Amino acid sequence: MDIYLKLFEVLFPVFFVVGIGYYLGKNNPKIDTTFITTFAANIGTPAMIIYALTSTSLSFEIFKDYFWYYLIAIAAFTIIGVVFLFFLKTKDIVRELPPFIMPNTGNMGLPICLFAYGSQGLGVAAAISALIILCHFTLGIFLADRKFDLSVILKNPPFYAIIISVIFLYFKIELPVFIENTTFLLMYATIFLILMSLGIALTRFKVFSFKKAFISSIGRVILGPIIGLSIIKYFNLSGFAAGVLLIQCSMPSAVLNYLLASIYSPKKIVDSVASTIVVSTIMSFATIPVVVFFALKYFN
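This one's a predicted model, so the numbers in the text were calculated from it and none came from an experiment.

Cut-offs and rules
Residues numbered from 1 in each chain as written. Predicted model: local features only at pLDDT ≥ 70, side-chain atom pairs only at ≥ 80, totals over all residues. Heavy atoms only, no water. Core = buried A, V, L, I, M, F, W, Y, C linked by side-chain atoms within 4.5 Å. Buried < 20%, exposed > 50% of the residue type's maximum accessible area, 1.4 Å probe, protein only. Helix = DSSP H or I, 4+ residues; strand = E, 2+ residues; numbered from the N terminus. Contact = heavy atoms within 4.5 Å. Axes fitted to C-alpha atoms, helices over the stretch in contact; angles between N-to-C directions. Left-handed = near helix turned anticlockwise from the far one by under 90°. Nonpolar A, V, L, I, M, F, W, Y, C, P; charged D, E, K, R; others polar. Disulfide = S-S within 2.5 Å.

Describe in detail the nonpolar core, supporting the description with residues and values.
With 94 residues, the main nonpolar core has Tyr70, Ile112, Leu245, Ile247 and Val292 as its most contacted residues. When residues in this core are grouped by element, the largest group, 21 residues, is from helix 5 (residues 105–145). When near neighbours in sequence (up to four residues on either side) are disregarded, Leu245 contacts Tyr66, Tyr69, Tyr70, Ile128, Gly228, Ile231, Ile232 and Leu237.

Here it is as structure tokens:
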């Protein structure tokens, strides 16, 4: 019974805040989320990265190990994406790969791992999320635009937050208390805002091809956890960090895939990416509880 109570405690806050966003989006279709996007990208996400990586007892060794473990997962996601899109007879496989490769490890993954495993879980989840952020502004743009733009990542505040955090981890430098307290407040504010914006986004995205989006979502939220379990078994991982890896592999497609596609890809691709994000997120409301239950039971 305790594990079911823990599962409820982990998932209810996340789904409730997403529900608030969905309610607000339905009641006011014109609600402006520009502030949330700007705040999260330039202030909230960098603060969240700095706090989670430097103030949660995460060691550089664990950061490095799980950074590479999830890089292996991304390679597996890529292979699955290519195979799925090939059999779906997708004309532009390259541009439609990001929803397979880059899951929502930030908006949904971080708070779920925090509630499931506490600050230590948050640290490992942030190491994985840092990799996904780097992928969004390098690989993600390359796939969406079919060309690489270094200036984008150099103008990206989370990129510098990752570098600063890794330096602090490597040299075991303690974060000044006033910075720790500030980033702590900004992190929790950001988690609330981006979860709420996810709910709002679900009211705006449309599903243009349900069959294709459903099949693609299977590759994201069903095969994702299987890949996570395979990595855990192959490297003989255990404990809360393994549970975090499993949870992060099970996340639906990230909303940022849509934002980048809308900037760099044709409308047909944008519609397809949006469809996969909506369907995979809705499916994840059923799959995530199963994955979190398994993680809490066997990796605690």
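Still more ground to cover, so stick around.
Explain the side chain of Ser129 to me, using residue names and the numbers behind them.
Tracing the backbone through its elements, the reader meets Ser129 in helix 5. Given a relative accessible area of 6%, Ser129 falls into the buried group. Beyond its immediate stretch of four places on either side in the chain, Ser129 contacts Thr105, Gly106, Leu110 and Gln248.

Outline the packing of helix 3 (residues 60–87) against helix 9 (residues 210–234), supporting the account with residue identities and numerical values.
Angle between the axes and distance between the axes are the two parameters that describe a pair of packed helices. Orientation of helix 3 relative to helix 9, taken along the N-to-C sense of each, is 145°, at an axis distance of 10 Å. The way helix 3 lies across helix 9 gives a crossing that is right-handed. Counted together, Tyr69, Ile72, Ala73, Ala76, Phe77, Ile80 and Phe84 of helix 3 and Ile215, Ser216, Gly219, Arg220, Leu223, Gly224, Ile227 and Ile231 of helix 9 form the full contact between these two elements. Class assignment of the residues belonging to the contact of helix 3 with helix 9 gives a composition of 11 nonpolar, three polar and one charged.

Describe in detail the state of the cysteines, supporting the description with residues and values.
Tallied over the entire structure, the rule returns zero disulfides. Cys135 takes part in no disulfide bond, and the closest cysteine sulfur, belonging to Cys249, lies 13 Å away. For Cys135, a relative accessible area of 9% gives the class buried. The thiol of Cys249 is not disulfide-bonded; the next cysteine sulfur, from Cys113, is found 10 Å away.

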